[in-house]
Amino acid sequence: NILAGELAVRYSKPAAGGSDAHNLRAIGSVVNELALDADISTSEGLLAALAANRIVGRRRSKVAGWLVRGRRPFSMAWRRLQQSGSEKA
């Protein structure tokens, strides 16, 4: 996220935020505040609105973030084991 933000600033690109929701609590945890008079009916209007966008949200705790990242290799390995077991049956 930090690198993406730095690249957006370096190349003058607008930014938008979003929540990668894996549970109900995470839905809507990040929102983009656009001007009330923003015309987002065209791609040009949306890009202009995003240029003045304010990203607001709450981050999950650092511990929860590490748990999700640390769990991924194990869940992928478990899926592979399940798939190889079903192929043998």
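Residues numbered from 1 in each chain as written. Predicted model: local features only at pLDDT ≥ 70, side-chain atom pairs only at ≥ 80, totals over all residues. Heavy atoms only, no water.

*Asks:* Provide a residue-level description of the overall build of the protein chain, including the pertinent values.
*Replies:* Regarding its fold elements, the protein chain presents three helices and two strands. Counting from the amino terminus, helix and strand elements in the protein chain follow one another as α-β-α-β-α. Taking all 89 residues of the protein chain together, 9% fall into the buried category. (Helix = DSSP H or I, 4+ residues; strand = E, 2+ residues; numbered from the N terminus. Buried < 20%, exposed > 50% of the residue type's maximum accessible area, 1.4 Å probe, protein only.)

*Asks:* Please set out unusual backbone geometry residue by residue, giving values where relevant.
*Replies:* Phi is positive for serine 12, which is not a glycine, with a value near 55 degrees. Positionally, serine 12 belongs in the loop between helix H1 (2-10) and strand E1 (30-33).

*Asks:* Give a description of the pattern of salt bridges that names residues and reports values.
*Replies:* Tallying each qualifying case throughout the model produces one salt bridge. With a shortest N-O distance of 3.0 Å, arginine 54 and glutamate 33 are connected by a salt bridge. Residue arginine 54 is found in strand E2 (residues 54-57), and its partner glutamate 33 is found in strand E1; the two are separated by 21 residues along the sequence. (Salt bridge = Lys/Arg side-chain N within 4 Å of Asp/Glu carboxyl O.)

*Asks:* Report on the environment of serine 41, specifying residues and quantitative values.
*Replies:* Locating serine 41 in the fold gives a position in the loop between E1 and helix H2 (43-51). A polar side-chain atom of serine 41 sits 2.6 Å from a polar atom in the side chain of aspartate 39. (Polar contact = N/O pair within 3.5 Å; in protein donor to acceptor, adjacent residues only side chain to side chain.)

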